[in-house]
Amino acid sequence: MKIFDILKYSGRSLKSQKWRSFLTILGVLIGIAAIVALTSLGNGFESTITGQLESGFATNTLIVSKKSGTFEQPDPLFNLYYENRSVFEGIDHIDLAMPVLQVTCNVSFGDDQINAFPVYGVDYNNYSYIFPSSFVAKEGGIPTNSSTTNYVVGSNIDQKVDLDDPIEITSIFGGVSHNDSVVAILEEIGGVSLGGGPTDNGIYLHANLIRYKFNIEIVSYFIVLLDDDADSTINSVSDAISTAFNDQVSVIASTAVLDTIQSAFGTIEVFLGGIAGISLIVAGIGIMNIMIVSLMERTREIGIIKALGMKNSSILLIFLCETIFIGLIGSLLGIGAGYLFASLFGRVLSGGAAGGGPTGGFGGGGVPGFGTISPIITLDMFGLAIFYGVLVSVIFGLYPAWRAARLEPVEALRYE
Amino acid sequence: MKFVVKTENVEKTYMQGKIPVHALRGIDFSVEEGEYVAILGPSGSGKSTLLNLIGALDVPTKGKVFISGQDISELNSRKRAELRRTIGFVFQFYNLIPRISAFKNVELSLSVKNISRSERKKIVKKILTDVGLQDRMKHAPNELSGGQQQRVAIARALALDPTYLLMDEPTGNVDTKTRDMIMKLINQLNKEKGRTIIMITHDQFIAKDSDRIEYLVDGKLYHKPPKERIGYNTNSLKKQKLNDNKIIASEEKS
Ligand SMILES: Nc1ncnc2c1ncn2[C@@H]1O[C@H](COP(=O)(O)OP(=O)(O)OP(=O)(O)O)[C@@H](O)[C@H]1O
Ligand SMILES: [Mg+2]
């Protein structure tokens with residue numbers, strides 16, 4: 001029997017049991033829709049988050065901080081100091097090593113106050129050199145002289161103060177105060193600080209001021225700018241830095257952080273996909289069930305077509321084509337339904353976050369607003385969804401098809 | 001002499017659990033091209049079993065069945081399926097596929113044979129017209145009368161242009177009027193179109209037009225009616241033969 005005739009025969013028998021076929025297709029539809037919805041939402045979520053992280057992100061930076069080892073006990077007396085800058089000078093591929101100081105303060109903006117908030121000390125020139133796209137003023141201007149005593153603040157702080165308003169900070173340890181005006185407000189970055197980059201919640205003073213006025217020489221971390229972002233460079237420089245500091249520091253490439261986040265998302269997606277996959281298997285069992293029922297109902301018919309001289313292989317194909325139709329239609333509709341559901345759900349999620357007002361507050365770098373999460377469906381996913389839909393239907397359809405093909409014509413014709 | 005089908009000392013034993021049922025016990029039977037043979041026998045005598053063997057649907061337990069010169073026991077199931085495409089089956093219960101039209105039922109046997117669509121359409125139209133169903137082609141089996149359904153089944157068997165037609169109680173399920181019409185159709189196929197026909201029945205009357213009647217009793221074949229054993233009434237047969245032509249003539253008009 002020609003394949004076209006086989007397809008027509010299969011199609012007709014599906015059509016003759018419309019409700020049953022519809023319900024079986026619905027099973028596949030739900031399974032595929034669940035997979036597509038979860039993975040496309042996951043993809044969308046990941047791309048929103050990493051997109052936010054990547055804004056204000058430099059791929060060729062390393063963060064060097066004091067080791068807080070859990071496996072090896074670090075030297076408790078070890079600290080990174082401002083003058084350790086010179087250690088980096090002897091290492092190849094390092095363009096710049098910038099110390100970042102930090103002092104925890106109670107911050108008051110006229111009436112408003114936040115307690116125990118980090119204030120960072122950075123060299124304004126170097127910081128804008130490393131993060132040229134994010135350490136940029138939207139109002140005012142970032143001072144270039146190193147004796148400046150003015151504040152540069154992130155765009156969220158804008159809600160508390162305006163340009164030229166004063167901010168008074170008092171360090172929690174030591175009680176030193178500083179009071180001066182805001183000289184620049186940064187453009188909105190939209191993400192969280194990654195790789196030591198500026199953040200929307202940041203309050204910055206020049207490193208020199210933190211050193212001399214607050215008497216702080218201990219450095220939170222160094223931001224090291226490399227002259228290229230190849231993995232080999234990142235690795236060799238990281239090793240050289242560790243060695244130079246007697247293994248008392250941890251060196252983290254900003255790309256490594258991003259990789260970790262992405263692989264975490266990958267794991268979550270696989271997990272969600274797996275859960276959704278279970279519903280697809282349930283759909284497969286539904287297919288098998290319905291095909292076995294259909295096999296019993298059509299035993300006599302199989303006997304007839306065998307008596308007409310139809311080969312076992314053709315009968316196998318007729319049954320398989322029926323399940324493939326179910327799988328194909330189910331997955332096509334499932335992709336549509338899944339995407340639709342993910343879009344609606346994504347809108348609800350992001351709508352909810354936006355309604356919550358400025359997120360995160362100022363306590364220790366909160367969760368950034370989601371912006372909008374639009375589900376992402378790639379051509380790969382489209383292909384894979386169809387592939388899995390059809391695969392499952394073939395796997396579960398194989399047994400009934402094989403049984404149909406193997407029926408003895410005489411027995412089948414005697415079947416009541 | 002050319003045999004289209006021939007059996008040599010064929011036995012068929014079924015196992016019902018552990019008890020063997022000897023359905024056929026040494027059958028020697030052959031049919032020549034153009035013959036119209038009736039096999040007569042009571043219920044359970046092994047008629048359908050024999051038909052399944054000479055229809056290449058099953059293989060014998062012992063002995064040989066030759067169809068178009070091939071020993072079917074030596075063919076694999078694929079080759080036997082191909083061989084069945086040269087045999088036209090007509091069953092007692094029509095055995096049409098219920099969800100498709102008369103036309104498609106007949107067409108199916110041609111699709112099995114890989115005949116092209118346009119060719120199929122022509123053949124099906126012609127054959128359904130031949131059996132008088134030209135205006136019933138689009139109807140599903142459940143929209144047809146018993147006689148019409150059986151004519152569709154005959155058309156389906158004929159569509160294959162088979163070497164011979166096998167009919168298992170072709171009139172077993174219809175009223176006498178329809179029965180007579182089908183008998184006439186079968187007779188025409190043999191006498192006018194030269195079709196080789198092997199028909200199975202338990203009713204002597206149905207067999208009246210055949211060239212030869214074989215009697216199957218208890219799995220054995222006899223050339224003469226084993227009167228003393230089953231008591232066929234041959235007198236009633238003669239009477240009915242006389243009335244036959246009138247019945248068919250009136251049926252044709254209705
Ligand atoms: N598949 C089978 N398994 C076991 N026994 C069977 C099988 N097919 C037929 N038989 C037995 O073989 C014998 C002959 O059966 P068969 O169907 O050939 O009879 P028949 O002459 O066609 O009868 P009927 O006129 O009632 O159709 C019966 O006793 C029947 O019970
Ligand atoms: Mg029978």
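Within chain B, the secondary structure is distributed over eight helices and ten strands. Split into buried and exposed, the 254 residues of chain B put 53% on the buried side. Contacts in chain B between residues at least 24 apart in sequence constitute 70% of all its contacts with a sequence separation of at least 6. Roughly 11,800 Å² of accessible area belongs to chain B as shown, and the carbon and sulfur atoms make up 48% of that amount.

A few words now on helix H10 (residues 379-406) of chain A. Along its 28 residues, H10 of chain A runs 39 Å from first to last C-alpha, staying within 8% of the 40 Å computed at 1.5 Å per residue. Maximal helix bending in H10 of chain A amounts to about 40°, located at Leu398 of chain A; proline Pro400 of chain A follows within four positions.

Moving on: the packing of helix H5 (residues 146-159) of chain B against helix H6 (residues 176-191) of chain B. The relative placement of two packed helices comes down to the angle between their axes together with the axis-to-axis distance. Residue and element names in this part refer to chain B. Relative to each other, H5 and H6 sit at 20°, their axes nearing to 10 Å. With respect to each other, H5 and H6 are oriented roughly parallel. Where H5 crosses over H6, the two elements pack in a sense that is right-handed. When H5 is examined against H6, the residues Gly147, Gln150, Arg151, Ile154 and Leu158 are found in contact with a partner set consisting of Thr178, Met181, Ile182, Leu185 and Leu189. Broken down by class, the residue content of the contact of H5 with H6 amounts to six nonpolar, three polar and one charged.

All names here are of chain A. In terms of nonpolar packing, the biggest core is built from 43 residues, with Val224 and Ile241 touching the most fellow members. Per-element accounting of this core gives the leading share, seven residues, to strand E2 (residues 94-109). Setting aside anything within four residues of it in sequence, one finds Val224 in contact with Asn60, Thr61, Leu62, Val64, Phe88, Ile94, Leu96, Ala97 and Ile241. Counting 38 residues, the second-largest nonpolar core is a separate cluster that includes Ile6, Val36, Ile302 and Val392.

Let us now look at the interface of chain B and chain A. Counting residues at the interface gives 29 residues for chain B and 25 residues for chain A. Regarding the contact of chain B and chain A, the summed buried area is about 2,400 Å², with carbon and sulfur atoms giving 56% of it. Summed over the shared surface of chain B and chain A, the result is three salt bridges. For Glu82 of chain B, the salt bridge is made with Lys311 of chain A, and the minimal N-O distance between the two is 2.9 Å. In this assembly, chain B and chain A are joined by eight residue pairs in polar contact (both at pLDDT 80 or more).

Residues and elements named next belong to chain A. On the surface, Leu328, Ile329, Leu332, Leu333, Leu379 and Phe382 cluster together to form a nonpolar patch covering roughly 550 Å² of accessible area. Here Phe382 shows up in helix H10. Owing to a relative accessible area of 35%, Phe382 belongs among the partly exposed residues under this scheme.

Right, let's talk about the sheet that holds strand E4 (residues 62-67) of chain B for a bit. Residues and elements named next belong to chain B. As summarised here, the arrangement of the four strands in space is E2-E1-E4-E5, forming an open sheet in which the pairing is antiparallel. Sheet topology places strand E2 (19-32) and strand E5 (70-71) at the edges, where each strand pairs with a single neighbour. Inspection of the sheet shows E4 paired to E5 by two bridges, in the antiparallel sense. Each residue of the ladder has a partner; that of Phe66, found in E5, is Asp71.

Here we take up the domain arrangement of chain A. When its domains are assigned, chain A resolves into domain 1 (3-56 + 258-413) and domain 2 (61-253). Averaged C-alpha coordinates put domain 1 of chain A and domain 2 of chain A at centres separated by 49 Å.

Quick look at the site of ligand 1 now. The environment of ligand 1 is formed by 15 residues, the closest being Arg414 of chain A together with Ser43, Lys47, Ser48 and Thr49 of chain B. Nearby residues place ligand 1 at the junction of chains A and B. Here Lys47 of chain B contributes a side-chain N or O atom positioned 2.7 Å from an oxygen atom of ligand 1. Relative to its unbound accessible area of 630 Å², ligand 1 is 75% covered by the protein chains. Elements supplying a minimum of two residues to the shell around ligand 1: helix H11 (409-414) of chain A together with strand E1 (3-16), E2 and helix H1 (47-54) of chain B. In terms of residue class, the shell around ligand 1 is made up of four nonpolar, seven polar and four charged.

Residues and elements named next belong to chain B. Read across the sheet, six strands follow the order E6-E7-E8-E3-E9-E10 without closing on themselves; strand pairing throughout is mixed. Every interior strand has two partners, whereas the edge strands, strand E6 (87-90) and strand E10 (220-222), have only one. In this sheet, neighbouring strand axes are inclined to one another by 20° on average, regardless of whether the strands run parallel or antiparallel. Where E6 meets strand E7 (residues 164-168), four bridges bridge the pair, whose relative direction is parallel.

Another aspect to go through is helix H8 (residues 299-307) of chain A. For H8 of chain A, the tally of buried residues reaches eight of nine residues, placing the bulk of the element in the interior. One or two residues past the end of H8 of chain A sits Gly309 of chain A, with phi positive at roughly 100°.

So, about the packing of aromatic side chains. Per the counting criterion, the structure on display carries 15 aromatic pairs over all chains. One aromatic cluster is present, formed by Tyr120, Tyr124, Tyr127, Phe131, Phe135 and Tyr204 of chain A through successive ring pairs. Here the guanidinium or amino end of Lys6 of chain B rests over the ring plane of Phe3 of chain B, the centre of that ring lying 5.1 Å away. Here Arg99 of chain B stacks its cationic end above the ring of Tyr9 of chain A, 5.4 Å away from the centre of that ring.

The rules behind these values
Residues numbered from 1 in each chain as written. Chains lettered and ligands numbered in written order. Predicted model: local features only at pLDDT ≥ 70, side-chain atom pairs only at ≥ 80, totals over all residues. Heavy atoms only, no water. Helix = DSSP H or I, 4+ residues; strand = E, 2+ residues; numbered from the N terminus. Buried < 20%, exposed > 50% of the residue type's maximum accessible area, 1.4 Å probe, protein only. Contact = heavy atoms within 4.5 Å. Areas by Shrake-Rupley, 256 points an atom, 1.4 Å probe, with all protein chains shown as cover. Expected span 1.5 Å × (residues − 1). Bend = angle between axes of the 7 residues up to and from the residue. Axes fitted to C-alpha atoms, helices over the stretch in contact; angles between N-to-C directions. Parallel < 35°, antiparallel > 145°, perpendicular 65-115°, else oblique. Left-handed = near helix turned anticlockwise from the far one by under 90°. Nonpolar A, V, L, I, M, F, W, Y, C, P; charged D, E, K, R; others polar. Core = buried A, V, L, I, M, F, W, Y, C linked by side-chain atoms within 4.5 Å. Buried area = accessible area lost by both parts, 1.4 Å probe. Salt bridge = Lys/Arg side-chain N within 4 Å of Asp/Glu carboxyl O. Polar contact = N/O pair within 3.5 Å; in protein donor to acceptor, adjacent residues only side chain to side chain. Patch = residues over 30% accessible without salt bridge, like charges linked within 9 Å, V, L, I, M, F, W, Y side chains within 5 Å. Pairing = 2+ DSSP bridges. Domains from an automatic or database assignment. Near = heavy atom within 4 Å. Phe/Tyr/Trp six-rings, centres within 6.5 Å; stacked < 30°, edge-to-face > 60°. Lys NZ or Arg CZ within 6 Å of the ring centre and 35° of its normal.

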